[in-house]
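The primary structure of each chain is shown beneath.
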Protein chains: 2
Amino acid sequence: MYGAGDVRVEETAVPRIVEPTDAVVRVTLACVCGSDLHPYRSLPAAEEGVPMGHEFLGVVEETGSEVTGLAKGDFVVSPFAFADNTCAICRDGFQTACPRGGWYGNGGVGGAQAEAVRVPQAAGTLVKLPGDVDGALLPSLLTLSDVYLTGYHAAHMGRVSAGKTVTVIGDGAVGLSAVLASARMGAERIILMGRHQARTDLGREWGATEVVAERGEEGVARVRELTGGEGSHIVLEAVGLMPAYEQAYGIVRPGGIISRVGVPQYEEAPVGFGSLFGKNATLTGGPAPVRAYLDAALQDVLDGRIDPGRVFDAEVPLDQVADAYRAMDTRTHLKVMVRP
Amino acid sequence: MYGAGDVRVEETAVPRIVEPTDAVVRVTLACVCGSDLHPYRSLPAAEEGVPMGHEFLGVVEETGSEVTGLAKGDFVVSPFAFADNTCAICRDGFQTACPRGGWYGNGGVGGAQAEAVRVPQAAGTLVKLPGDVDGALLPSLLTLSDVYLTGYHAAHMGRVSAGKTVTVIGDGAVGLSAVLASARMGAERIILMGRHQARTDLGREWGATEVVAERGEEGVARVRELTGGEGSHIVLEAVGLMPAYEQAYGIVRPGGIISRVGVPQYEEAPVGFGSLFGKNATLTGGPAPVRAYLDAALQDVLDGRIDPGRVFDAEVPLDQVADAYRAMDTRTHLKVMVRP
């Protein structure tokens, strides 16, 4: 990506092992993330492009001398952030803050919207998949790289449980994943705030009990009305923009939890007496430590208990990846797979 | 209080029953709160004074026709906020957000730095004390009105438990109470950030394992060093000013919790990728629902398990209450009792 709206497919240097803890993975299937749309709308034009993409399935091509548990030919899924998965922070379940971890597309590591990618901390990062897995499951397996488990993280940090009313702000792929995860965790009511019917219909299939199309103050009033004036125990914010944050503190119940997973496009926000503090609202969330949840979710997908791959409604070959950005930016498609 | 630094003692109308759910209580012992110092430093001068004080022990003088469980002559402690203690929000344990609740010194309800005060929602608010309680316990009982249970609330919302490292920002009476509560909850390490030795000495007696006198970036660096570079699992912020908030997100460990009970003197604050979101830090806290914790803490005081009254280091008669403000503002005294 060379700037807002400017996505190009180029030949670059072939990824190679740099550190002994690296692997090189040939990408089988990748996709475009809602968070990729933030730079797609705002990145300043530059001479040098930024490698894009951080969600992928692939086949291990080469491993560094210190990589254990992986071999050439293994079929793997990668979390969107790499991590050693052994340090104290990883053991706490916060792999996205691993001191030896990092992000694809940064610091000399390539993006996953590519034919191949170098994976640092490969032993801690990559999770092996059955080599003979049913091809129909690939989209759902791809969601374990980020989108489904980001929605899951929202619900997990929001402490969704039986008897709770959960409101999900955003009908994008992460918001819908948060609906699915909340239903799995036993939420009593799930209010989905969104206005794109094909999406909210999928949300209903996944467990949304009510859909609120209104936004802003009207949306806040509607959710308060639906909850007897008390507000929602838990609000999962899957957008990342200030109006969504404002909605969140408007509808959260006293003592309730706002869990954010949309990457915030702001640094400062209201947190004082009039927003969070006065009603003892908790603000939580961050980049999902996908690795912490991956093994259990993988089994759920393989056993057919969840089908998060339904967030994908299109696929393009790698050389048409710019079309995928356009389709998601205009909301023509929900989430687009990219096949090298 | 007629403005910053302008505290006067005046004859006002005698408090009377207004609503059938009211009681009138003759105040036995009150005190000045750290939060009273915020207006003491910044309240614009006005023609009409604001009634002050919200912490008190007293004797019931009269009850409204709908007040159950209380009678003239009962010795009681009042939480700093009144609440019906029966609604869904109160049952959740968030009495400070009760729709029928409110604050002393507001909306026609007087302050507790007075000879008597009208208590709305008296049945839900007031807690009876043994009439023959040892006089030496009165300071500790008075802390159940606010300060000790505000420190307790910080630790409770921060989910302090065995094995955790807790950092308390602020060596005021609430910060020290947070140390005491954290020790009771089994925290492994308690780092107290403060520089007033008489106070940090009491903090050490109550369970602080380390004291950090540095502030700002130096203070952050020192706590990070003490925690092997990882930061503190839990940060209890008992100040309410922006530098304390900035310290809090600087020292919290990835996936950790910042729990605020100092009334924020700001509305907007950093919450984006560079402060809270990037490391999945949780921000929680608010006005303590003292009523939720009062019964258990009362038993702890009566049985001698805790002695939170040690935060009081002076007492004045009501007509010298202005001296109490001055002494606390200049940090000559930690917390001052007021006896009508």
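The structure displayed is predicted, hence computed values, not measured ones. (Residues numbered from 1 in each chain as written. Chains lettered and ligands numbered in written order. Predicted model: local features only at pLDDT ≥ 70, side-chain atom pairs only at ≥ 80, totals over all residues. Heavy atoms only, no water.)

Peer 1: Looking at this structure, I do not really get the packing of helix H5 (residues 147-157) of chain B against helix H6 (residues 173-184) of chain B. What am I missing?
Peer 2: Helix-helix packing is characterised by the crossing angle of the two axes and by the distance between the axes. All names here are of chain B. It is at 7 Å that the axes of H5 and H6 come closest, and there the two elements cross at 55 degrees. As far as their axial angle goes, H6 and H5 are oblique. Relative to H6, the crossing made by H5 is right-handed. Residue-level inspection shows Val 147, Tyr 148, Thr 150, Gly 151, Tyr 152 and Ala 155 of H5 in contact with H6, the latter providing Ala 173, Val 174, Ser 177, Ala 178, Leu 180, Ala 181, Ser 182 and Arg 184. Of the residues contributing to the contact of H5 with H6, the split by class is 9 nonpolar, 4 polar and 1 charged. (Axes fitted to C-alpha atoms, helices over the stretch in contact; angles between N-to-C directions. Helix = DSSP H or I, 4+ residues; strand = E, 2+ residues; numbered from the N terminus. Parallel < 35°, antiparallel > 145°, perpendicular 65-115°, else oblique. Left-handed = near helix turned anticlockwise from the far one by under 90°. Contact = heavy atoms within 4.5 Å. Nonpolar A, V, L, I, M, F, W, Y, C, P; charged D, E, K, R; others polar.)

Peer 1: When you look at the interface of chain A and chain B in this model, what are you seeing that I'm missing?
Peer 2: Interfaces are often sized by the amount of accessible area the parts lose when they come together. Taken together, the 41 residues of chain A in the interface contact 41 residues of chain B. Of all residues in chain A, A:Glu267, A:Phe277 and A:Asn280 give up the largest surface area on contact with chain B, accounting jointly for 21% of the area buried on that side. At the junction of chain A with chain B, the criterion picks out 2 salt bridges. Between A:Arg253 and B:Asp92 there is a salt bridge, with its nearest N and O atoms 2.8 Å apart. Where chain A meets chain B, there are 24 residue pairs in polar contact (both at pLDDT 80 or more). Those elements that provide at least two residues to the side of chain A that touches chain B are helix H2 (88-91), helix H5 (147-157), strand S12 (252-260), strand S13 (268-270) and strand S14 (282-285) of chain A. When its residues are assigned to classes, the side of chain A that touches chain B shows 21 nonpolar, 13 polar and 7 charged. As judged from the 3 bridges shared by S13(A) and strand S13 (residues 268-270) of chain B, these two strands associate in the antiparallel manner. Considered in S13(B), the bridge of A:Glu268 is made with B:Pro270. (Buried area = accessible area lost by both parts, 1.4 Å probe. Salt bridge = Lys/Arg side-chain N within 4 Å of Asp/Glu carboxyl O. Polar contact = N/O pair within 3.5 Å; in protein donor to acceptor, adjacent residues only side chain to side chain. Pairing = 2+ DSSP bridges.)

Peer 1: How should the pattern of salt bridges be read in this particular structure?
Peer 2: It is possible for side chains of opposite charge to pair when their charged atoms get near one another. For the structure on display, the rule yields 40 salt bridges over all chains. A salt bridge links A:Asp295 to A:Arg291, with the shortest nitrogen-to-oxygen separation between them at 3.2 Å. Of this pair, A:Asp295 and A:Arg291 both sit in helix H10 (residues 290-302), 4 residues apart, roughly one helical turn. Overall, A:Asp295 belongs to the partly exposed group, its relative accessible area being 45%. Between B:Arg26 and B:Glu61 there is a salt bridge, with the nearest N and O atoms lying 2.7 Å from each other. One end of the pair, B:Arg26, is in strand S1 (residues 23-31); the other, B:Glu61, is in strand S2 (residues 56-63), with 35 residues separating them in the sequence. Via salt bridges that share partners, A:Arg184, A:Asp300, A:Asp303 and A:Arg305 belong to a single interconnected network. (Buried < 20%, exposed > 50% of the residue type's maximum accessible area, 1.4 Å probe, protein only.)

Peer 1: Explain the packing of aromatic side chains here, please?
Peer 2: Working definition: an aromatic ring pair is given by the centre-to-centre distance plus the angle between the planes. As enumerated under the stated definition, the model contains 20 aromatic pairs over all chains in all. Taken together, the ring pairs in this structure connect A:Phe80, A:Trp103, B:Phe273 and B:Phe277 into an aromatic cluster. Of note, A:Arg8 hangs over the ring of A:Tyr2, and the distance from its end group to the ring centre comes to 3.7 Å. (Phe/Tyr/Trp six-rings, centres within 6.5 Å; stacked < 30°, edge-to-face > 60°. Lys NZ or Arg CZ within 6 Å of the ring centre and 35° of its normal.)

Peer 1: Looking at this model, I keep getting lost on the UniProt feature "domain: Enoyl reductase (ER)" (unreviewed entry) in chain A. Mind explaining?
Peer 2: According to UniProt, the positions carrying the feature "domain: Enoyl reductase (ER)" (unreviewed entry) are residues 3-338 of chain A. For residues 3-338 of chain A, the helix share is 28%, the strand share is 22%, and the end-to-end C-alpha distance is 20 Å. (UniProt positions renumbered as here; feature names shortened; annotations may be inferred.)

Peer 1: Would you mind going over the pairing of strand S6 (residues 116-119) of chain A with me for this structure?
Peer 2: Every other side chain in a regular strand lies on the same face of the sheet, so the side chains alternate between the two faces. All names here are of chain A. Side-chain alternation along S6 places Ala 116 and Arg 118 on one buried face and Val 117 and Val 119 on a second face that is also buried. Relative to S6, strand S1 (residues 23-31) is paired through 4 bridges, and the arrangement is antiparallel. Pairing of Ala 23 across the sheet is with Val 119, part of S6.

Peer 1: Explain the relation of the copies chain A and chain B here, please?
Peer 2: Between the two chain copies there is a screw-like relation: a rotation about an axis and a shift along it. Superposing chain A onto chain B takes a rotation of 180 degrees plus a shift of 0.0 Å along the axis, which leaves an RMSD of 0.0 Å. The transformation relating the two chain copies, once decomposed into turn and shift, fits a two-fold axis. Closest approach to the rotation axis among the C-alpha atoms of chain A is made by A:Leu283, whose C-alpha sits 2.5 Å away. Interface overlap between copies is the fraction of interface residues in one copy that are interface residues in the other; for chain A against chain B it reaches 100%, indicating a shared surface. (Least-squares fit on C-alpha atoms with pLDDT ≥ 70 in both.)

Peer 1: I tried to follow the nonpolar core on my own but got confused; where do I start?
Peer 2: One recurring pattern in soluble globular proteins: nonpolar side chains tend to sit buried together. Core analysis: the biggest nonpolar cluster contains 52 residues, and A:Leu57, A:Leu141 and A:Leu144 have the highest contact counts within it. With 7 residues, the top contributor of residues to this core is helix H6 (residues 173-184) of chain A. Beyond its immediate sequence surroundings of up to four residues, A:Leu144 is in contact with A:Val77, A:Leu149, A:Val290, A:Leu294, A:Ala297, A:Leu298 and A:Val301. Formed by 51 residues, the second largest nonpolar core is a distinct cluster that contains B:Leu29, B:Leu138, B:Ala208 and B:Leu334. (Core = buried A, V, L, I, M, F, W, Y, C linked by side-chain atoms within 4.5 Å.)

Peer 1: Even after reading the chapter, I still don't get the side chain of B:Ser145, so can you show me in this structure?
Peer 2: Residue and element names in this part refer to chain B. Looking at the element boundaries, Ser 145 is found in the loop between helix H4 (138-142) and H5. One polar contact links the side chain of Ser 145 to the main-chain amide nitrogen of Phe 56, over a distance of 3.1 Å. With residues near it in sequence (within four places) discarded, Ser 145 still touches His 54, Glu 55, Phe 56, Val 77, Ser 78, Pro 79, Phe 80 and Val 290.

Peer 1: Looking at this structure, I do not really get the environment of B:Val239. What am I missing?
Peer 2: Residues and elements named next belong to chain B. As for its position among the elements, Val 239 is in the loop between strand S11 (232-237) and helix H9 (242-251). For the pair Val 239 and Glu 10, spaced 229 residues apart in sequence, the C-alpha separation works out to 30 Å. Excluding anything up to four places from it in sequence, Val 239 contacts His 38, Ile 169, Gly 170, Ala 244 and Gly 262.

Peer 1: How should the pairing of S12(A) be read in this particular structure?
Peer 2: Residues and elements named next belong to chain A. Of all 9 residues in S12, 8 are buried; the element is thus mostly enclosed. Relative to S12, strand S11 (residues 232-237) runs parallel, the two being bridged by 5 bridges. Counterpart to Ser 232 in the pairing with S12 is Val 252. Each parallel crossover has a hand, and for S11 linked through helix H9 (residues 242-251) to S12 it is right-handed. In this structure, S12 lies alongside S14, joined through 4 bridges in parallel fashion. Its bridge partner being in S14, Ser 259 is matched across the sheet by Thr 284. (Right-handed = clockwise from strand over helix to strand, strands pointing away.)

Peer 1: Honestly, the domain arrangement of chain A in this entry has me stumped. Any pointers?
Peer 2: Residue and element names in this part refer to chain A. Looking at chain A, the domain boundaries give domain 1 (23-146 + 289-339) and domain 2 (150-285). With centres defined by C-alpha atoms, the gap from domain 1 to domain 2 works out at 26 Å. Tallying the contact residues gives 18 residues for domain 1 and 21 residues for domain 2. Taken together, the two surfaces of domain 1 and domain 2 that pack against each other cover about 1,600 Å², and 57% of this comes from carbon and sulfur. On inspection of domain 1 and its partner domain 2, the count reaches 3 salt bridges. Its salt-bridge partner being Asp 171, residue Arg 331 comes within 2.6 Å of it at the nearest N-O pair. Taken together, domain 1 and domain 2 are joined by 10 residue pairs in polar contact (both at pLDDT 80 or more). (Domains from an automatic or database assignment.)

Peer 1: Got a minute to help me understand H6(B) in this structure?
Peer 2: Note on helix geometry: an α-helix contains 3.6 residues per turn, so any two residues three or four positions apart are oriented the same way. Residue and element names in this part refer to chain B. In a regular helix each residue adds 1.5 Å, so 12 residues correspond to 16 Å; H6 covers 17 Å between its end C-alpha atoms and thus fits that length. Among all positions in H6, only Ala 173, Val 174, Gly 175, Leu 176, Ser 177, Ala 178, Val 179, Leu 180, Ala 181 and Ser 182 are buried. Of the residues flanking the end of H6, it is Gly 186, one or two places downstream, whose phi is positive at about 95 degrees. (Expected span 1.5 Å × (residues − 1).)

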